[in-house]
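# A structural walkthrough
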Amino acid sequence: MPIVIDNDKCEGTGDCVDACPTEVIAKQGDKCVVVAIDECIDCEACIAACPQEAIEMA
Ligand code: SF4
Ligand code: SF4
């Protein structure tokens with residue numbers, strides 16, 4: 001299942017980027033974006049790391 005980032009909630013902390021073991025997410029300006037969804041292994045580490053609860057499985 002793909003992750004979805006709610007850009008309205010994201011404050012660009014980068015925690016999800018640091019937590020992801022497969023570099024699915026990258027910082028882009030003051031937000032983060034999904035750049036390699038095919039690399040996602042559904043570990044949910046990004047979801048656990050996000051202080052804004054901006055990421056969920058869609
Ligand atoms: S679920 Fe895991 S592999 Fe997928 S984007 Fe989040 S941290 Fe990365
Ligand atoms: S951890 Fe959450 S708030 Fe921080 S960059 Fe990722 S999605 Fe945005």
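Everything here concerns the structure above.
Residues numbered from 1 in each chain as written. Chains lettered and ligands numbered in written order. Predicted model: local features only at pLDDT ≥ 70, side-chain atom pairs only at ≥ 80, totals over all residues.

### Describing the site of ligand 2
Among the 14 residues in the neighbourhood of ligand 2, the closest are listed as Cys10, Thr13, Asp15, Cys16 and Cys50. Of the residues assigned to the shell around ligand 2, the class counts are eight nonpolar, four polar and two charged. (Near = placed C-beta within 6 Å. Nonpolar A, V, L, I, M, F, W, Y, C, P; charged D, E, K, R; others polar.)

### Quick word on the nonpolar core
A general trend in soluble globular proteins is that nonpolar side chains are found buried together. Cys16, Cys20, Val24, Ile25, Cys32, Cys46, Cys50, Ala54 and Ile55 together form the largest nonpolar core, which totals nine residues. Discounting chain neighbours no more than four positions away, the residues touching Cys20 are Ile25, Ala45 and Cys46. (Core = buried A, V, L, I, M, F, W, Y, C linked by C-beta atoms within 7 Å. Buried ≥ 20, exposed ≤ 12 C-beta atoms within 10 Å, placed from the backbone. Contact = placed C-beta atoms within 7 Å.)

### Regarding unusual backbone geometry
Positive phi values are uncommon outside glycine, yet Glu44 reaches one of about 65°. A count of 15 C-beta atoms within 10 Å places Glu44 in the partly exposed class. In the Ramachandran plot, Glu53 falls in the positive-phi region, its phi being about 50° despite a non-glycine side chain. Along the chain, the position of Glu53 falls in the loop between helix 2 (45-49) and strand 4 (55-57). (Helix = DSSP H or I, 4+ residues; strand = E, 2+ residues; numbered from the N terminus.)

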